[in-house]
Amino acid sequence: MARGVTRMSELFLRTLREDPADAEVTSHKLLVRAGYVRRVAPGIYSWLPLGVRVLRNVERIVREEMDAIGAQEVHFPALLPREPYEATGRWTEYGDTLFRLKDRKQADYLLGPTHEELFTLMVKGETSSYRDFPVTLYQIQTKYRDEERPRAGILRGREFTMKDSYSFDLTDEGLAESYAAHRLAYQKLFDRLGLEIQIVSAMSGAMGGSASEEFLAPCEAGEDTYVRCLESGYAANVEAVTTPPPPAQSIEDKPEAVVHDTPDTPTIDSLVAVAREVAPDRGYTAADTLKNVMVKTRLPGADEWQLLGVGVPGDREVDMKRLEAAVSPAEVALLEDADFARNRFLTKGYIGPVGLQKNGVRYLVDPRIVTGTAWVTGADEPGRHVFDLVAGRDFTPDGTIEAAEVRAGDPSPDGAGTLVAARGIEMGHIFQLGRKYAQALGLEALGADGKRTTVTMGSYGVGVSRAVAAITEQHADAKGLVWPREVAPYDVHLVIAGKDDAQRAAAETIAAGLAEAGLEVLLDDRKASPGVKFADAELLGMPTSITVGRGLANGVVEVTERRSGERREVPVDDVVTALTGGA
């Protein structure tokens with residue numbers, strides 16, 4: 001058989017008819033059923049031959065686009081020493097997400113989650129003057145993160161393949177150019193992968209830096225929620241959305257704060273019902289109440305937790321992902337019963353800002369809670385709430401925090417309209433890191449003026465293995481996988497529908513001709529029923545399939561396009577030309 005042809009009778013493959021019991025999303029179900037991946041442990045997967053072919057095609061496209069902007073490929077180990085990460089503070093900042101281990105001499109190591117430190121040290125060791133810059137390096141490598149709840153197959157795993165590249169420039173203007181080059185390269189590579197992408201403003205998180213954008217693949221299975229304004233084009237991950245504060249109000253015309261008995265009102269709904277009884281003329285709603293959520297935070301490396309009160313309008317919930325982003329690099333957790341027992345001034349369901357500030361608890365509020373706004377909130381006593389507690393008169397927050405949920409219909413931060421919400425898979429993230437890592441690790445270069453200058457960096461990541469799942473989520477249908485042509489494991493799935501020698505001989509001839517023309521062919525030569533073969537062809541998802549069946553008696557074969565379902569009969573002698581676009 002010609003090179004470029006794989007026989008299914010020899011392919012290491014077993015397809016499944018049922019979804020795996022632990023699968024929640026389409027990509028997890030189909031990639032396992034189609035024999036592309038297999039679960040080894042929570043968040044850890046093996047790649048089978050078909051999966052490896054798709055993964056390698058994704059890697060090839062990423063490499064080609066990185067090479068096109070002048071980036072040069074390197075490769076680092078996954079097992080890394082503690083010291084560089086200690087120097088930048090990330091040994092502790094990463095918290096439990098970092099896989100830590102000791103060697104037989106009790107030296108500390110980690111499995112790399114990202115490689116900023118190693119790239120920085122490599123450039124430091126190989127450069128000295130302005131003549132060595134700018135430079136951009138990249139690698140495609142296995143990364144490790146100890147996810148607390150790995151889920152969704154290869155979408156959120158503990159081990160995954162990622163492309164990370166880093167630009168090194170001597171000026172901020174140079175960094176901006178490197179950032180723009182990567183941004184354009186990402187748009188090209190995601191287009192080649194067949195992914196619909198939404199670019200959104202984002203938080204930098206543990207990476208640090210200033211400008212930060214995510215490339216999200218819109219998909220219901222995505223873990224990231226983002227919003228956009230249809231009028232202006234504004235788009236941001238909800239973690240990065242800023243709340244436009246309303247104008248401050250006068251405190252002079254506000255009534256005095258009054259405490260009322262409000263028994264059995266530990267929830268916002270029950271409080272609103274009682275508030276309408278207390279002051280039926282005020283028309284109270286949940287938006288008039290001030291919800292105070294108690295959490296505790298702990299900085300990396302610290303032993304003690306610190307109490308934090310978060311005040312948000314009562315018609316909104318605290319979004320824990322936004323809260324985590326707002327207090328990063330500190331970790332954050334809701335209070336437990338033991339915490340309330342240790343802090344008896346906290347009365348569940350009736351916590352108010354006055355009691356928090358009297359007891360020295362840091363208190364941050366949503367930007368909507370501006371001076372002069374009056375609230376119904378806890379009076380720090382069981383069964384009692386205070387009405388008309390005015391910000392700036394009766395309590396003064398320690399600051400603001402972006403922790404309240406962002407909802408469709410909220411005003412856009414740019415003032416151009418309202419927001420709509422959607423979910424997406426984070427496929428890429430680009431940062432202008434600046435000089436954080438260069439300063440921590442001493443990366444400097446001698447400038448043209450003879451003075452030493454600290455190098456400025458950019459960081460640019462792409463989820464390579466995650467792309468396989470994201471493509472599946474966006475393209476699959478009820479029958480199975482549907483691969484875009486550039487990433488498909490094979491160009492053509494050739495099915496021998498019958499058992500007679502004429503069909504087999506014709507299929508062999510077609511396969512050889514397609515392979516000679518440069519196409520990769522998967523030839524189903526198994527002794528299985530036509531129904532099984534057709535079902536597998538749809539499940540495996542090659543862009544084009546050819547069926548050699550009864551039509552051969554009339555000199556034709558059937559060509560089917562997987563995406564559109566379009567079927568056409570093609571003379572057997574013309575099939576190679578028809579598929580390769582020849583004359």
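Refer to the structure printed above.
Per chain, the residues get numbers from 1 upward, laid out in the order the sequence is written. Per-residue local features of the predicted model are confined to residues with pLDDT of at least 70, and side-chain atom pairs are confined, for both listing and counting, to 80 or more; whole-chain, interface and lining totals are unaffected and use all residues. In computing side-chain properties, one takes all heavy atoms of the structure into account and sets aside hydrogens as well as water.

(A) Expanded view of the overall build of the protein. Broken down by element type, the protein carries 15 helices and 30 strands. Each of the 583 residues in the protein was classed as buried or not, and the buried ones make up 51%. Here the contacts in the protein between residues at least 6 apart in sequence split such that 70% fall between residues at least 24 apart. For accessible areas, the Shrake-Rupley method is used with a probe of radius 1.4 Å. Any residue's cover is judged against the shown protein chains and nothing else. Summed over its atoms, the accessible surface of the protein is roughly 26300 Å², and 48% of this surface lies on carbon and sulfur atoms. Under the convention used here, Asp and Glu are negative, Lys and Arg are positive, and both His and the chain ends fall outside the count. Charged groups are reduced to one reference atom each: NZ for lysine, CZ for arginine, CG for aspartic acid, CD for glutamic acid. Each charge class in the protein can be summarised by its mean position, and for the 67 positive and 89 negative side chains these summaries are 4 Å apart. For helices the rule is a DSSP run of H or I covering at least 4 residues; for strands it is a run of E covering at least 2, with both sets numbered from the N terminus onward. Any residue under 20% of the maximum accessible area for its type is buried, any over 50% is exposed, and the rest in between are partly exposed; the area is computed with a 1.4 Å probe on protein chains only. Residues are treated as being in contact if the distance between any of their heavy atoms lies within 4.5 Å.

(B) The arrangement of the layout of surface pockets in detail. With a 1 Å grid laid over protein atoms only, a set of points is called a cavity when a 1.4 Å probe fits there but cannot get out and a pocket when it is open yet has protein on both sides within 12 Å along at least five of seven lines; lining residues have an atom within 4 Å of a point. Grid points are joined across faces, edges and corners, and a volume is the space filled by probe spheres set on the points. Estimated volume of the second largest pocket: approximately 410 Å³. Along the walls of the second largest pocket sit 21 residues, with Pro266, Lys291, Asn292, Val293 and Gly349 positioned nearest its centre. If you list the elements that add at least two residues to the lining of the second largest pocket, you get helix H7 (268–278), strand E15 (290–298) and strand E19 (374–381). It is E15 that provides the largest number of residues to the lining of the second largest pocket, a total of 5 residues. Note that Gly is not counted as nonpolar here; it falls among the polar residues with everything else outside the nonpolar set of Ala, Val, Leu, Ile, Met, Phe, Trp, Tyr, Cys and Pro and the charged set of Asp, Glu, Lys and Arg. Taken together, the residues of the lining of the second largest pocket break down into 12 nonpolar, 7 polar and 2 charged.

(C) Inspection of empty space enclosed by the protein at higher detail. Inspection of the entire model under this criterion finds 1 cavity of 30 Å³ or more. In this structure, the largest cavity occupies an estimated 30 Å³ of space. Along its surface, the largest cavity is lined by Ser27, His28, Leu31, Val32, Val37, Tyr45, Ala152, Gly153 and Ile154. Examining the composition of the lining of the largest cavity, we find that 4 residues originate from one element, helix H1 (residues 26–33), more than from any other. Along the lines of polarity and charge, the residues of the lining of the largest cavity split into 6 nonpolar, 3 polar and no charged.

(D) Looking closely at the environment of Asn292. With respect to the helices and strands, the residue Asn292 is situated in strand E15. Taking C-alpha positions, Asn292 is 9.1 Å from Tyr363, a pair spaced 71 residues apart along the chain. Setting aside chain neighbours within four positions, we find Asn292 in contact with Val310, Gly311, Ile351, Gly352, Pro353, Tyr363 and Thr377. For this analysis, a polar contact is any N or O atom pair within 3.5 Å, provided that within protein one partner can donate a hydrogen and the other can accept it, and provided that sequence-adjacent residues contribute only side-chain to side-chain pairs. At a separation of 2.5 Å, a polar atom in the side chain of Asn292 contacts the side chain of Tyr363. One polar contact links Asn292 to Thr377, side chain to side chain, over a distance of 2.9 Å.

(E) Examining the sheet that holds strand E20 (residues 384–390) more closely. The 3 strands are arranged E14-E20-E19 in an open sheet whose pairing can be described as antiparallel. The open sheet is flanked by strand E14 (258–261) and E19, the only strands paired with a single partner. The average angle at which neighbouring strand axes cross in this sheet is 30°, direction not considered. Strand pairing follows a simple DSSP-based rule, namely that at least 2 bridges must link the two strands. Two elements, E14 and E20, share 4 bridges in a ladder whose sense is antiparallel. Counted as the bridge partner of Val259 is Val386 from E20. The axes used here are C-alpha line fits, helices contributing only the stretch in contact, and every angle between their N-to-C directions lies in the interval 0 to 180 degrees.

(F) Geometry of the sheet that holds strand E5 (residues 79–81). Strand order in the open sheet formed by 3 strands is E5-E7-E6, with antiparallel pairing between adjacent strands. Looking at strand neighbours, the two that pair on one side only are E5 and strand E6 (99–102), the edges of this open sheet. Taken over all neighbouring pairs, the strand axes of this sheet differ in orientation by 40° on average, direction set aside. The sheet contact formed by E5 and strand E7 (residues 108–111) spans 3 bridges and is antiparallel. Across the sheet, Pro81 pairs through a bridge with Tyr109, a residue of E7.

(G) Structural context of helix H13 (residues 501–516). Between its terminal C-alpha atoms H13 stretches 23 Å, which fits the 22 Å expected from 16 residues at 1.5 Å a residue. Listed in full, the buried residues belonging to H13 are Gln503, Ala506, Ala507, Ile510, Ala511, Gly513, Leu514 and Ala515. Against strand E1 (5–7), strand E26 (492–496), strand E27 (521–524), strand E28 (544–548), strand E29 (556–561) and helix H15 (575–580) lie the buried residues of H13. Measuring from the backbone nitrogen of Ala502 back to the side-chain oxygen at the start of H13 gives 3.1 Å, which picks out Asp500 as the cap. Backbone geometry just after H13 places Gly518 at a positive phi near 100°. Helix span, as expected, comes to 1.5 Å for every residue beyond the first.

(H) A look at the pairing of strand E22 (residues 419–434). Examined bridge by bridge, strand E11 (residues 212–218) and E22 share 7 bridges and lie antiparallel to one another. Looking across to E22, one finds that Glu214 is bridged to His429. Pairing between strand E12 (residues 224–229) and E22: 6 bridges, direction antiparallel. Counterpart to Asp224 in the pairing with E22 is Gly424.

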